[in-house]
Amino acid sequence: MENEHYSSSTMDMLRSEPMQLAQLIIPIESAHRTISYLGDLGLFQFKDLNEDKSPFQRTYASQVKRCGEMTRTMRLFKEQMTKASISPSTLSTPADVDLEKLEVKLAELEADLLEINANNEKLQHAYNELIEYKLVLEKVGEFFPSAQNGAVVRQRELGVQPIVEGTIDSPLLIEQETTTYLVNQIKLGFICGLVNREKSIPFERILFRATRGNVFLRQAMVEDYIVDPLSGEKVHKNVFVIFYSGERIKSKITKICDAFGANRYPFSDDLGKQFQTMTEVSGKLAELKTTIDMGLLHRSNLLQTVGYEFEQWNLLLKKEKSIYHILNMLSINVTKKCLLAEGWCPLSATSQIQKVLLQATTDCSSQVGAIFQVLQTKELPPTYFCTNKFTASFQEIVDAYGIAKYQEANPGVYTIITFPFLFAVMFGDWGHGICLLLATLYFIINEKKFSSQKLGDILEMVFGGRYIILLMSLFSIYTGFIYNEFFSIPFELFGPTAYGCRDSSCRDATTIGLIKMRDTYPFGVDPKWHGTRSELPFLNSLKMKMSILLGVSQMNLGIILSYYNAKYFENNINIWHQFVPQMIFLNSLFGYLSLLIIVKWCTGSQADLYHVMIYMFLSPTDDLGENQLFTGQKFLQVILLLLALVAVPWMLLPKPFLLKKQHRERHKGQSYSLLFAGDDPLESQSDGVHRDNDDFDFSEIFVHQLIHTIEFVLGAVSNTASYLRLWALSLAHSELSSVFYDKVLLLALGYNNTIVLIVGIIVFISATVGVLLVMESLSAFLHALRLHWVEFQNKFYEGDGYKFLPFAFATLGDEDGL
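Nothing here was measured: the structure is a model prediction, and the numbers come from that model.

### Describing the overall build of the protein chain
Secondary structure assignment for the protein chain yields 26 helices and 13 strands. Relative to its full complement of 818 residues, the protein chain shows a buried share of 46%. Contacts spanning at least 24 positions in sequence make up 81% of the contacts within the protein chain whose residues lie at least 6 apart. In the form shown here, the protein chain has an accessible surface area of approximately 43,200 Å², with 59% of it arising from carbon and sulfur atoms.

### Topic: helix α13 (residues 430-445)
Between its first and last C-alpha, α13 extends 22 Å over 16 residues, near the 22 Å set by a 1.5 Å rise per residue. When we look at burial in α13, the residues that qualify are Trp 430, Gly 431, His 432, Gly 433, Leu 436, Leu 437, Thr 440, Phe 443 and Ile 444. For α13, the secondary structure elements touched by its buried residues are α12 (412-427), α14 (447-451), α15 (457-464), α16 (466-483), α25 (725-749) and α26 (754-792). Where α13 begins, one side-chain oxygen reaches toward the backbone nitrogen of Gly 431, 2.9 Å away; that side chain belongs to Asp 429.

### Topic: the sheet that holds strand β7 (residues 237-244)
In spatial order, the strands read β4-β7-β3-β8; together these 4 strands make up an open sheet with antiparallel pairing. Looking along the sheet, the strands with just one partner apiece sit at the ends: β4 (216-221) and β8 (263-265). When strand polarity is set aside, the average angle formed by the axes of neighbouring strands in this sheet is 25 degrees. Of the strands in this sheet, β3 (189-196), β7 and β8 touch helix α8 (residues 247-259), which is tilted by about 165 degrees from β7.

### Remarks on unusual backbone geometry
The backbone of Ser 85 sits at a positive phi, close to 60 degrees, despite the residue not being glycine. Tracing the backbone shows Ser 85 in the loop between α3 (61-83) and α4 (99-160).

### A word on the environment of Tyr 741
Topologically, Tyr 741 is positioned in helix α25. The sequence separation of Tyr 741 and Ile 489 amounts to 252 residues, and the corresponding C-alpha distance is 8.4 Å. Sequence-distant contacts of Tyr 741, defined by excluding residues within four places in its chain, comprise Phe 487, Ser 488, Ile 489, Leu 746 and Phe 764.

### What to know about the packing of helix α18 (residues 572-603) against helix α20 (residues 633-652)
Two elements in contact, α18 and α20, have axes whose closest approach is 9 Å; the angle formed by their N-to-C orientations is 150 degrees. As judged from the angle between their axes, α18 and α20 are roughly antiparallel. Both α18 and α20 take part in a crossing whose hand is left-handed. Touching Trp 576, His 577, Val 580, Pro 581, Gln 582, Ile 584, Phe 585, Ser 588, Leu 589, Tyr 592 and Leu 596 of α18 are Gln 633, Leu 636, Gln 637, Leu 640, Leu 643, Ala 644, Ala 647, Val 648, Trp 650 and Met 651, all from α20. Of the residues that constitute the contact of α18 with α20, the class distribution is 16 nonpolar, 5 polar and no charged.

### A look at the nonpolar core
Phe 419, Phe 423, Phe 585, Tyr 592, Leu 596, Met 616 and Leu 726 are the most contacted members of the largest nonpolar core, which totals 70 residues. If you tally residues by element for this core, the top one is α18, at 12 residues. With near-sequence residues (within four places) excluded, Phe 423 lies in contact with Leu 436, Met 472, Ser 476, Ser 777, Ala 780, Phe 781 and Ala 784. Counting 55 residues, the second-largest nonpolar core is a separate cluster that includes Leu 21, Ile 86, Leu 109 and Leu 327.

### Overview of helix α2 (residues 31-41)
Buried residues dominate α2, accounting for 8 of its 11 residues. Taken as a whole, α2 has its buried residues at Ala 31, Thr 34, Ile 35, Ser 36, Tyr 37, Leu 38, Gly 39 and Leu 41. In the core, the buried residues of α2 are packed alongside β1 (19-27), β2 (45-46), α9 (271-327), β10 (338-346) and α10 (350-363). Looking one or two residues beyond α2, the residue adopting positive phi is Gly 42, at roughly 70 degrees.

### Notes on a nonpolar patch on the surface
A cluster of nonpolar residues, Tyr 478, Phe 491, Leu 493, Phe 494 and Phe 523, forms a patch on the protein surface that exposes about 430 Å² of accessible area. Mapped onto the elements of the fold, Phe 523 is located in the loop between β13 (514-516) and α17 (538-568).

### A closer look at the packing of aromatic side chains
Following the criterion strictly, the structure yields 37 aromatic pairs and no others. Residues Tyr 60 and Tyr 324 carry aromatic rings whose centres are separated by 5.9 Å and whose planes lie at 35 degrees to one another, so their mutual orientation is tilted. Taken together, the positions of Tyr 60 in the loop between β2 and α3 and Tyr 324 in helix α9 put the pair 264 residues apart, joining distant regions of the chain. With relative accessibility at 14%, the residue Tyr 60 sits in the buried group. Residue Tyr 324 is classed as buried on the basis of its relative accessible area, which comes to 11%. Judged by centre distance (4.8 Å) and plane angle (90 degrees), the rings of Phe 486 and Phe 487 are edge-to-face. Each residue in the set Trp 430, Tyr 478, Phe 481, Phe 486, Phe 487, Phe 491, Phe 494 and Phe 523 is aromatic and connected to the rest through ring pairs, giving one cluster. Over the ring of Phe 463 we find Arg 466; its NZ or CZ atom is 4.2 Å from the centre of that ring. The positively charged end of Lys 543 is found above the aromatic ring belonging to Tyr 483, 4.4 Å away from the centroid.

### Description of the packing of α2 against α10
Direction vectors running N to C along α2 and α10 enclose 145 degrees, while the axes themselves pass 9 Å from each other. At the point where α2 passes α10, the crossing takes the right-handed sense. Contacts between α2 and α10 involve Arg 33, Thr 34, Tyr 37, Leu 38 and Leu 41 from the former and Gln 352, Ile 353, Val 356, Leu 357, Gln 359, Ala 360 and Asp 363 from the latter. Here the contact of α2 with α10 is built from residues that sort into 7 nonpolar, 3 polar and 2 charged.

### Here's the deal with the environment of Lys 237
Here Lys 237 lies in strand β7. With relative accessibility at 2%, the residue Lys 237 sits in the buried group. Remark: the alpha-carbon pair of Lys 237 and Glu 132, spanning 105 residues in sequence, is separated by 9.6 Å. The contacts of Lys 237, once residues within four sequence positions are left out, are Glu 132, Leu 194, Val 195, Asn 196, Arg 197, Met 221, Val 222, Ile 226, Asp 228, Pro 229 and Asn 263.

Scoring rules and cut-offs
Residues numbered from 1 in each chain as written. Predicted model: local features only at pLDDT ≥ 70, side-chain atom pairs only at ≥ 80, totals over all residues. Heavy atoms only, no water. Helix = DSSP H or I, 4+ residues; strand = E, 2+ residues; numbered from the N terminus. Buried < 20%, exposed > 50% of the residue type's maximum accessible area, 1.4 Å probe, protein only. Contact = heavy atoms within 4.5 Å. Areas by Shrake-Rupley, 256 points an atom, 1.4 Å probe, with all protein chains shown as cover. Expected span 1.5 Å × (residues − 1). Polar contact = N/O pair within 3.5 Å; in protein donor to acceptor, adjacent residues only side chain to side chain. Pairing = 2+ DSSP bridges. Axes fitted to C-alpha atoms, helices over the stretch in contact; angles between N-to-C directions. Parallel < 35°, antiparallel > 145°, perpendicular 65-115°, else oblique. Left-handed = near helix turned anticlockwise from the far one by under 90°. Nonpolar A, V, L, I, M, F, W, Y, C, P; charged D, E, K, R; others polar. Core = buried A, V, L, I, M, F, W, Y, C linked by side-chain atoms within 4.5 Å. Patch = residues over 30% accessible without salt bridge, like charges linked within 9 Å, V, L, I, M, F, W, Y side chains within 5 Å. Salt bridge = Lys/Arg side-chain N within 4 Å of Asp/Glu carboxyl O. Phe/Tyr/Trp six-rings, centres within 6.5 Å; stacked < 30°, edge-to-face > 60°. Lys NZ or Arg CZ within 6 Å of the ring centre and 35° of its normal.

Below, the structure is given as structure tokens:
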């Protein structure tokens, strides 16, 4: 956890901060301010003393409900501001606003906003209706005379046709009027309106079927979008006019229009009335437009007023809600004059907490001050590591695996160096490292800008790990210089190569014919060794052997840390019957292999180390011959093999019998010390009283120790082999980079064509960024993560603790407010 009250160092992170369980006795009149000051301090983790009560049964449930209601109002304001494209201001000056005043203010503003929205909705609905009405007057007025004449002609044609009653072809006018009346001149009625263009064809079909074709329909398209008065959506519509005869048909047409959402409007066939109606509609539209604009301006001013204070009010609400949430966790004294609080805090923060309590009492003018007292408990405290913005990201890597138990050795200290270095071993290329460095520096330089913005999931992850990537890039540049690779190209940066061709028939692509002509290349791999085709290329062999050395070193560090933990917790059984045989077993085999690698490098011997290690087990007494690296090697191998064989039963047998002996002595009264059956004394202390009364199950402990022994022996082999991924990933990265350079960039250069060259450069850059800088870096990151979680941390780290989560306003997120 990042905390500005402390200055972080590696010693601070090695062991978690000493914690204490404290009780606070707070007078009711100063409780709110006290909790507020503790939230500003952010060093006290409250325990819930009312777990048996529901949220509605707690003392401050009504205040929490009030805060929730105000939060709902703020959420409404935020939605309205988003729709109006108004951003909350970050330049507002802090003002002394209490919760009661804010509640009244928000209620008034919400009422005004809802009233404005309701009036605006009504006005907008009327405005949209008038717009449609105006379109009907314009469009229908254009074709009404011709449509009316066509309808009369159509009606006469229907009137003179032979009529057979009861047939499907009988016009529906028969149902209302007589044939004689139809033959005479009849006056047709009409309906005008607008219908959604997508529904115009089904609308016409239904009208034809329902009336048996005894209507006359004309439509005209409206080019622009129209805002529908009912839905408020922009749609394409058609203006229509329907001529009919008879009230029953009119009723059917009306129902069909309602079913299709067609809006109907009145229309007069008198030209004078049409002109008068058009003038009236245009005037009303102008008036409504002015009124709507004034309402929107009023609404915008109100939202801008809210936006100016929005962040301040939102912060106040988040703080108040969190304060009352904490107050609901406290227990009320019988006298109801004080509140009791319990929680964890760092031992070093005692003076700060007491100072805060005194300040709250003084500011509230309370006659009784808050009391701070330490409670004795056997409960396991939470784990708190003091970190800063640089070390926090490395600690998160460890915490993602598991939170350290209280006072357990923290792998995060070593991860700061080992994690980026193991990444760089797999990603070693100083050209790619420079690219990563430039990208990381961009995030670090613009740190303040990005920290105040909401980034996406991927960018948020990259920005949060910017200091990890910084060290990864620096170490990659370093290992890239050692490998002498710049986008897979070797350079003579630190001097000329030490090798040259013996004669003109010698080729650079092979080690045959090369002789040493000058001093050894001063730093890193000699550029002549790149691309060699000897039986075992030097760079490949270097990376493979270096992977074993790094793996054995890190596993030894893990065992040393397990000893450090056992010694810290005074668990002597684990020291002598876990740490010592583990070190002997690991170093008798793989430590010896590491020694052989170093000796071979120093002497330049051609010994086959595979042969040496295999026959160390199969034929330990046979003569080594040309594979002998130093005098007395065979005798040393026999001793180491015997030590490895002895270490296995040493890990398995003594510990269960010693535990059984201690159990018997304790029950005989000869020893009163606690039995640390596990690796953690705190765990043993917490339930030691209960175990004293239980029977000692020797078989269970023996099986448990057998599992641990087998796990370590097999793990020593598999973990060492797992570190060869450093070699494999480094080789893959180098080969991919070489392929992109040879088969893309150089191939494009060979065509002597500008277009091909440009395409080749684009493909090379895309492949380098997408594959090598993104996918390969992610792959190396995940493999380095696995090496730390599995191969390193499983030697000493249990990670079954729980994190110290103090009440702090600085950690309140958006979910705590809106």
